[in-house]
Amino acid sequence: MADVKTVGETDHQTLVDRNHDGIDRRGFLKCMAWAGTGALCVVEGGVLRSFALDSYGAKHAKGQLSFVQISDSHMGFNKPANTDVVVTLKAAVDKINALPVAPEFMLHTGDISHLSKPGEFDSVDQILKSARAKEVFFVPGEHDVLEDEGAQYRERYGKNTNGAGWYSFDKKGVHFIGLVNVMNLKAGGLGSLGAEQLEWLEGDVKHLSHSAPIIVFAHIPLWTIYPDWGWGTDDSAQALAYLKKFGSVTVLNGHIHQTMQKVEGNVTFHTACSTAFPQPKPGAAASPGPMKVPAEQLRAMLGLTSVDYVGKKHALAVTDSTLE
Amino acid sequence: MRRLFRFVVSAALAALVLVASSGHYRAWAAGETAPAGTEVKIDNFSFTPQAITVKAGTTITWTNHDDIPHTVVSDEKLFKSKTLDTDDKFSITLTKPGTYSYFCSIHPKMTGTIIVE
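Along every chain, residues carry numbers that run from 1 in the direction the sequence is written. By the order in which they are written, chains take letters starting at A while ligands take numbers starting at 1. Per-residue local features of the predicted model are confined to residues with pLDDT of at least 70, and side-chain atom pairs are confined, for both listing and counting, to 80 or more; whole-chain, interface and lining totals are unaffected and use all residues.

## A closer look at the overall build of chain A
Reasoning step 1: Starting at the N terminus, helices and strands are each numbered in turn, a helix being any DSSP run of H or I of at least four residues and a strand any DSSP run of E of at least two. Scanning chain A from terminus to terminus reveals eight helices and 14 strands.
Reasoning step 2: Residues counted as buried form 52% of the 324 residues belonging to chain A.
Reasoning step 3: By the convention adopted here, residues are in contact when the distance between their C-beta atoms, placed from the backbone, does not exceed 7 Å. Across chain A, the fraction of contacts at a sequence separation of at least 24, relative to all contacts at a separation of at least 6, is 71%. Residues with at least 20 neighbouring C-beta atoms inside 10 Å of their own are called buried, those with 12 or fewer are called exposed, and the rest are partly exposed, where every C-beta is derived from the backbone.

Set out below in structure tokens:
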């Protein structure tokens, strides 16, 4: 019997699979309800597992649009608990290639590299080439723009983007917006979008229909998770204000190396795991530095996120799976 | 009027980026040994001690003990370290009295202050 948990805004409710088919229907309905037009999040046993992808996903998640989010590959990191981030990124790609529904593309929500070194970016590019989904859309993390104000990042991943690398595109009726909130950070502050990017965003969504589903992706969370550790974005409220008119907004972030969800009105927020190393729960350690976990536990704390958009139902299924 | 400043840059300037703006300081490059002075530890995403008071001409050295890279950047861009990976050091000698606020440009919640007397 699968032990399925849905994670809502504040509640952590354990639900039980009564049909022994990996789907908890009560939980499913509850999820759909709390997300409005939004998201279904399936988590197994408190720790995120591949349950949903392997069973639920195979039978039911054949949406109109499927894509995968990976994040925080930190290529070049070589310390405990993960001295081989190449292997774990490859494991993530294997996982993507084993998905029952082939994703059309991937999002990488930043910290591609650990130290912005060309060889680190090269390694990631090489590994991602073996993924079934060939197209990858990136946004930078703070580790990708270390020495050159992001020039190398934009040269590699940000051609035809605006400003520091923000852009939008459409896929099968879904409007995707990639934002950059890791540049020009101010002393004592959080992530920052900046006036120029906000102005661009306002213009980008101005003429879209209210019924258009919106997916925003950026590295640092666009909701305040834990300001003491910088887990938030100073001017995200302004960005979200421009998205208020839309019926369905999904925000996908990385940076905190763990999954979290929150639903606020029409907006579903979600953070993805890292493929490199886990970070502690907010405030659970002296700092947000890498968690040193036993080798046998590492892959259960790394992962990726897949998203299926079902056009007719206007439903987004956001599913996390670990690298186990 | 632009304030006077002076800095000495070694040819082996591998680990430092200097922002040539204003203020009196000397930056020490990788491979150079900075004179004994004041140490600031970077540990658990914080600068310790968070505030220091030194005599003008004292050398201050930061050492990153974290598994994550950090930087030491003056709020007013008077000085700026290159990215400090684990165990990397950055040293400056401030010769002009004043209060210098700095932060980690990667993790801006990390802030510190140097008072030069």
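## With respect to the overall build of chain B
Reasoning step 1: Helix and strand counts for chain B stand at zero helices and 11 strands.
Reasoning step 2: Listing each helix as α and each strand as β along chain B from the N terminus yields β-β-β-β-β-β-β-β-β-β-β.
Reasoning step 3: In chain B, which comprises 117 residues, the share counted as buried stands at 37%.
Reasoning step 4: Long-range contacts, defined as pairs at least 24 residues apart, comprise 49% of the intrachain contacts of chain B with a sequence gap of at least 6.

## Structural notes on the environment of His108(A)
All names here are of chain A.
Reasoning step 1: Within the element layout of this structure, His-108 appears in strand S5 (residues 105-108).
Reasoning step 2: With 148 residues separating them in the primary sequence, His-108 and Ile-256 have C-alpha atoms 14 Å apart.
Reasoning step 3: Setting aside anything within four residues of it in sequence, one finds His-108 in contact with Ile-70, Ser-71, Val-136 and Phe-138.

## Some thoughts on the interface of chain A and chain B
Reasoning step 1: With 18 residues of chain A at the interface, the matching set in chain B holds 18 residues.
Reasoning step 2: When residues are grouped by polarity, Ala, Val, Leu, Ile, Met, Phe, Trp, Tyr, Cys and Pro land in nonpolar, Asp, Glu, Lys and Arg in charged, and all others, Gly among them, in polar. Partitioned by chemical class, the residues of the side of chain A that touches chain B number eight nonpolar, five polar and five charged.

## Quick notes on the confidence of the model for chain A
Reasoning step 1: Residue-level confidence of the predictor is summarised by pLDDT, bounded by 0 at the bottom and 100 at the top. Averaged over every residue, the pLDDT of chain A is 83; residues scoring 70 or more account for 79%.
Reasoning step 2: In the model, residues 1-62 of chain A has pLDDT below 50 throughout and makes 117 contacts with residues more than four positions away in sequence or in other chains.

## Describing the confidence of the model for chain B
Reasoning step 1: Counting all residues, the mean pLDDT for chain B is 81, and 72% of those residues have values of 70 or more.
Reasoning step 2: ipTM for the predicted complex: 0.81, alongside a pTM of 0.82.

## Observations concerning the packing of helix H3 (residues 85-97) of chain A against helix H4 (residues 118-128) of chain A
All names here are of chain A.
Reasoning step 1: Note on method: axes are straight lines fitted to C-alpha atoms, helices fitted across the in-contact stretch only, with angles between N-to-C directions ranging 0 to 180 degrees. Interhelical geometry of H3 versus H4 gives an angle of 30° and a closest axis separation of 10 Å. Classified by the interaxial angle, the pair formed by H3 and H4 is roughly parallel. With respect to the hand of their crossing, H3 and H4 are arranged in right-handed fashion. Between H3 and H4, the residues in contact are Val-86, Leu-89, Lys-90 and Val-93 and Ser-123, Val-124, Ile-127 and Leu-128, respectively. Angle categories are assigned with fixed cut-offs, so that under 35 degrees is roughly parallel, over 145 is roughly antiparallel, 65 to 115 is roughly perpendicular, and the rest are oblique. The crossing is said to be left-handed when, going from far helix to near helix, the turn is anticlockwise and less than a right angle, and right-handed when the turn is clockwise.

## Some thoughts on H3(A)
Residues and elements named next belong to chain A.
Reasoning step 1: Here, expected helix span is obtained from the residue count minus one, scaled by 1.5 Å. The end-to-end C-alpha distance of H3, which contains 13 residues, comes to 18 Å, matching closely the 18 Å that a straight helix rising 1.5 Å per residue would cover.
Reasoning step 2: Every buried residue of H3 is listed here: Val-85, Thr-88, Leu-89, Ala-92, Val-93, Lys-95 and Ile-96. End-on, the buried residues of H3 take up no more than an arc of 155°, which puts them together on one face. Note that the arc is computed from the directions linking the helix axis to the C-beta atoms.

## Comments concerning H4(A)
All names here are of chain A.
Reasoning step 1: Taken as a whole, H4 has its buried residues at Glu-120, Phe-121, Val-124 and Leu-128. One side of H4 carries all its buried residues, which in axial view fall inside an arc of 100°. Turned more than 90 degrees away from the buried face of H4 sit Pro-118, Gly-119 and Gln-126, all of them exposed.
Reasoning step 2: Against H3, strand S6 (135-138) and helix H5 (151-157) lie the buried residues of H4.

## Things to note about the sheet that holds strand S7 (residues 167-171) of chain A
Residues and elements named next belong to chain A.
Reasoning step 1: We call two strands paired when DSSP finds no fewer than two bridges between them. Judged by pairing direction, the sheet is mixed, and its six strands sit side by side in the order S7-S8-S9-S10-S12-S11 without closing on themselves. Each edge of the sheet is formed by a strand with only one pairing partner; in this case those strands are S7 and strand S11 (260-264). Shown here is a sheet whose adjacent strand axes are inclined to one another by a mean of 15°, direction ignored.
Reasoning step 2: Sheet analysis places S11 next to strand S12 (residues 267-271), joined by five bridges and oriented antiparallel. Within S12, the position partnered with Lys-262 by the bridge is Phe-269.

## Details of unusual backbone geometry
Reasoning step 1: With an omega of 5°, the peptide bond running from Pro80(A) to Ala81(A) counts as cis.
Reasoning step 2: Within the secondary structure, Ala81(A) sits in the loop between strand S4 (65-70) and H3.
Reasoning step 3: Between Thr48(B) and the following residue, Pro49(B), the backbone shows a cis peptide bond with an omega angle of -5°.
Reasoning step 4: For Pro49(B), the location among the structural elements is in the loop between strand S4 (46-48) and strand S5 (51-54).
Reasoning step 5: Phi angles above zero are rare outside glycine, and His255(A) is one such case at about 80°.
Reasoning step 6: Relative to the assigned elements, His255(A) resides in the loop between strand S10 (249-253) and S11.

## Comments concerning the nonpolar core
Reasoning step 1: Think of a nonpolar core as buried Ala, Val, Leu, Ile, Met, Phe, Trp, Tyr and Cys residues chained together by C-beta atoms that fall within 7 Å. Counting residues in hydrophobic clusters, the biggest one holds 68 residues, and the most contacted among them are Leu179(A), Val180(A), Val216(A) and Ala218(A).
Reasoning step 2: Contacts of Leu179(A), omitting those with residues within four sequence positions, involve Val139(A), Trp166(A), Leu193(A), Gln197(A), Val216(A) and Ala218(A).
Reasoning step 3: Tyr25(B), Trp62(B), Leu84(B) and Ile114(B) belong to the second-largest nonpolar core, a separate cluster that totals 24 residues.

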